[in-house]
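# Understanding the architecture of this molecule
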Amino acid sequence: MIRSGKFRQGYIELLILHFLNQKDCDTTEMSAIIQDISREYLDVPVGLLYPELYYLMEHRLVTRYEVKVEGRKYPHVYYQIGESGRERLKELLEDYYKTMDYVQQVLDFQFDSEA
């Protein structure tokens, strides 16, 4: 059986920090944006975001806050990036671009046909 999507694992932290660096978001919004922009190629249900968000909060990269919504029993939860989260995003982006560059270099490699 061929494993599908393994290459894409590990990008959720990067995407969350990228979104939160632009504005405070909730999980539903993040999930919908990822699906819309990627034309549903990247499927990141809300349930997959929570473990990563808990990890980011545990490491003080992200915080959460609640907004009471009139007529709703439960408050609306938003996530917000902190300064250490911005630093982590910078590191992840540098690693991402460097990795993609080296992967491309390897893919561009051709064995000498005379060998």
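Now for a description of the structure that goes with this document.

What counts, and where the lines are drawn
Residues numbered from 1 in each chain as written. Predicted model: local features only at pLDDT ≥ 70, side-chain atom pairs only at ≥ 80, totals over all residues. Heavy atoms only, no water. Salt bridge = Lys/Arg side-chain N within 4 Å of Asp/Glu carboxyl O. Helix = DSSP H or I, 4+ residues; strand = E, 2+ residues; numbered from the N terminus. Buried < 20%, exposed > 50% of the residue type's maximum accessible area, 1.4 Å probe, protein only. Patch = residues over 30% accessible without salt bridge, like charges linked within 9 Å, V, L, I, M, F, W, Y side chains within 5 Å. Areas by Shrake-Rupley, 256 points an atom, 1.4 Å probe, with all protein chains shown as cover. Polar contact = N/O pair within 3.5 Å; in protein donor to acceptor, adjacent residues only side chain to side chain. Contact = heavy atoms within 4.5 Å. Phe/Tyr/Trp six-rings, centres within 6.5 Å; stacked < 30°, edge-to-face > 60°. Axes fitted to C-alpha atoms, helices over the stretch in contact; angles between N-to-C directions. Parallel < 35°, antiparallel > 145°, perpendicular 65-115°, else oblique. Left-handed = near helix turned anticlockwise from the far one by under 90°. Nonpolar A, V, L, I, M, F, W, Y, C, P; charged D, E, K, R; others polar.

### Notes on the pattern of salt bridges
For the structure on display, the rule yields 5 salt bridges. A salt bridge links Arg86 to Glu83; the shortest N-O distance between them is 4.0 Å. Of the two residues, Arg86 and Glu83 both sit in helix H4 (residues 83-108), 3 residues apart, roughly one turn of that helix. We classify Glu83 as exposed; its relative accessible area is 53%. Note that Arg88 and Glu91 form a salt bridge whose closest N and O atoms lie 3.5 Å from each other. Residue Arg88 and its partner Glu91 are both found in helix H4; the two are separated by 3 residues, about one turn of the helix. We classify Arg88 as partly exposed; its relative accessible area is 28%. Owing to a relative accessible area of 46%, Glu91 belongs among the partly exposed residues under this scheme. Each of Glu13, Arg88 and Glu91 takes part in salt bridges that share partners, so that together they form one network.

### Some points on a nonpolar patch on the surface
Taken together, Tyr96, Tyr97, Met100, Val103 and Leu107 make up a surface patch of nonpolar side chains, about 480 Å² in accessible area. Owing to a relative accessible area of 31%, Val103 belongs among the partly exposed residues under this scheme.

### Some points on the side chain of His76
Within the secondary structure layout, His76 lies in strand S2 (residues 76-81). Judged by its relative accessible area of 19%, His76 is buried. Of note is the side chain of His76, whose polar atom sits 3.1 Å from the side chain of Arg72. Excluding anything up to four places from it in sequence, His76 contacts Asp26, Tyr65, Glu66, Val67 and Val69.

### Concerning the packing of aromatic side chains
Throughout the structure, instances matching the rule amount to 4 aromatic pairs. Between Tyr96 and Tyr97, the ring centres sit 5.1 Å apart and the planes meet at 70°, which makes this aromatic pair edge-to-face.

### With respect to the packing of helix H1 (residues 12-22) against H4
Viewed as axis vectors pointing N to C, H1 and H4 meet at an angle of 130°, and their least axial separation amounts to 10 Å. The angle between H1 and H4 falls in the class oblique. The crossing of H1 and H4 is left-handed. Of the residues in H4, those touching H1 at Glu13, Leu14, Leu17, His18 and Asn21 are Gly85, Arg86, Arg88, Leu89, Leu92, Leu93 and Tyr96. Classifying every residue of the contact of H1 with H4 gives 6 nonpolar, 3 polar and 3 charged.

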